[in-house]
Amino acid sequence: MAHYQAMGSIPPKRHTQHRRPARRGRVGELYYEELMGEEGFSSDSSLLYHRNIPSTVAEYREWSIGDLSTTANHPLLPRHLKPHDLFPAKTVKDTDVVTGRRLLLGNGDVRLSYAVAAKPSPWYRNGIGDECVYVERGSARVETVFGAFEVGEGDYVIIPRATTHRWIPTSSARNPLRTICIEASSHIAPPKRYLSKYGQLLEHSPYCERDLRVPQGPLLAEDVGEKPDAETEVFIKHRGGGPASSGGIVGTVHVLPFHPLDVVGWDGCLYPYVFNVRDYEPITGRIHQPPPAHQVFEGWNFVICNFVPRKVDYHPLAIPVPYYHSNVDSDEVMFYVDGDYEARKGSGIAKGSISLHPGGHAHGPQPGAAEASLGKEYFDELAVMVDTFRPLELGEAGRACDDGLYAGTWNAARNR
C-alpha cells in the first residue's frame, strides 16, 4: 500500500543518527534503524526505530505448527465445508488465532484456515508471505510493532510479511472471535487496476484511502502494561526442511531478552492496515456483473472478492443470479458470512458455510434459483470469495467438515 505514513519519533533524514533523549548531560544512545522492505529494496518499505537490536535472539526452539498436509480434490467434486463444526464450544477458551488455526484448503500460493478463539495469541510473525485475516464474528485488539487496531465483524486485517504482532480477543466467550485466515506465499494488495501508477486508489475503485484504518502508534511495552525488558517468545512460521506434505512449512520460536514492542517511531509505505467490508461500494449494472467487479485484494495467483448487500441488475429482462460458468483457470472458494444467498437456496449452504467450486467443473445457481430471482431488486448477502489460479487441495480441517452431499444438489430430478 504505497500511502505514506509517519508515526512517533523519527529523525529528519533517513539513515542518519537518531538518539534517545540526553540524560545528565550525556548524549543519548542511538536507536536501531530497521528497514522492512519488499522485493529486495525495490518496492514498498518502512523504516522502524528500535530501542533494541532487532536481530537479537537469546534462545530458540522448534514450533510444531500442526497438520498442514493436503489431499488432492480427487475425484473432482464441488464441496460444501462447514467450519463452524470444527471448534466445539468447550475448546474455544483454550484456542488462539495463531496456533489454533486449522487448514481448510491450500496450495503453493495460498492457504485458507479457520479459527475460533477466546485466548490471546502469542507474539507471531509469518516469514512466508502476507496475511489477510477476515473477522467473521467477535472482536479483538491486534497489537503490532507499528501500533494497534481494534477490530470487529467485517474487518479485513492486512498484515505484511514478517510483521510481529499478536491477537487479543475482546468479545465474550458467548461471542468468540471467529476468523478465516488467508495466508499468502506472496504479498497482498489492492488490485492493480484500481491504482494509479504512483499507487493512489483511483476514482473507479470501490474503496479509497479514507476507508483504510492505519495502526494507532507508536506502541511500546509500557503502553500495554508490560516491562520493556521482559523476556518474550515470538512464534515464526517459515519455510524450511519440513515434510513435503506440509509444503515445506515449519515453525520456530525465538526467545527475545526484551519485549517486541520497542519501536519508538516509523515511517514509510509498508505497514498493516484494516478495511471493513461495509465500506466497500459495490459496482452494479443493468445485467449481471462478473466476479472481477467484486474484487477487493489480490496476491500472486489468487484474488479476494466480496459480495455485499447491493442493488442488483435492472435490465427489464435481467436474471439477477449468476449464469452457469466453468472455472477454466481457477478454483473458487466462497465463504458465506451473512444474509440470504439467492443462488445457493436448496443446497444446504447457510451462514458460516464454505463452498469449493473447482476448475474443470461448471457451476452456478441451484435448480429453480434463476427463475426465483426474476424481479429481485436487491440482494441482502455478504460473502468473501477467494479464487486461485492453481488447484486447491483439502487440508485436515477441510476433510473433517466436508458435508459429502453438495455435489448432488444440482440434480434437478433428484431434488423434485
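Before reading on, note that the structure itself is shown above.
What counts and what doesn't
Residues numbered from 1 in each chain as written. Predicted model: local features only at pLDDT ≥ 70, side-chain atom pairs only at ≥ 80, totals over all residues. Heavy atoms only, no water. Salt bridge = Lys/Arg side-chain N within 4 Å of Asp/Glu carboxyl O. Pairing = 2+ DSSP bridges. Helix = DSSP H or I, 4+ residues; strand = E, 2+ residues; numbered from the N terminus. Core = buried A, V, L, I, M, F, W, Y, C linked by side-chain atoms within 4.5 Å. Buried < 20%, exposed > 50% of the residue type's maximum accessible area, 1.4 Å probe, protein only.

S.K.: Break down the pattern of salt bridges for me, citing the residues and quoting the values.
M.R.: In the structure shown here, the tally under the stated rule is 20 salt bridges. Across the pair E143 and R141 runs a salt bridge, and its minimum N-O distance is 2.7 Å. Where salt bridges share partners, they join R101, R111, E131, E183 and K237 into one cluster.

S.K.: Can you lay out the sheet that holds strand 5 (residues 70-71) for me, pointing to particular residues and giving the numbers?
M.R.: The strand order 5-30-7-8-15-10-13-20-16 describes an open sheet built from nine strands, whose pairing is antiparallel. Where the open sheet ends on each side, the last strands, each with one partner, are strand 5 and strand 16 (212-213). Examined bridge by bridge, strand 5 and strand 30 (residues 393-395) share two bridges and lie antiparallel to one another. Residue T70 lies in a different strand from strand 30, and its bridge partner there is G395.

S.K.: Give me the nonpolar core: which residues, what numbers.
M.R.: Membership of the largest hydrophobic core comes to 53 residues, with the highest contact counts inside it found for L104, L105, Y134, Y156, F297 and I304. V97, A117, V142 and F235 belong to the second largest nonpolar core, which has 24 residues in total.

S.K.: Residues and numbers for unusual backbone geometry, please.
M.R.: In this chain, H74 is followed by P75 through a cis amide linkage whose omega measures 5 degrees. By the element assignment, P75 lies in the loop between strand 5 and strand 6 (79-81). Omega for the bond connecting G217 with P218 falls within 30 degrees of zero, at 5 degrees, which places this linkage in the cis form. Relative to the elements of secondary structure, P218 occurs in the loop between strand 16 and strand 17 (232-239). Backbone geometry at F41 places phi at a positive 70 degrees, although glycine is not the residue there. Phi is positive for A162, close to 70 degrees, though the residue is something other than glycine.

Interpretation in functional terms is not warranted from these geometric data alone.
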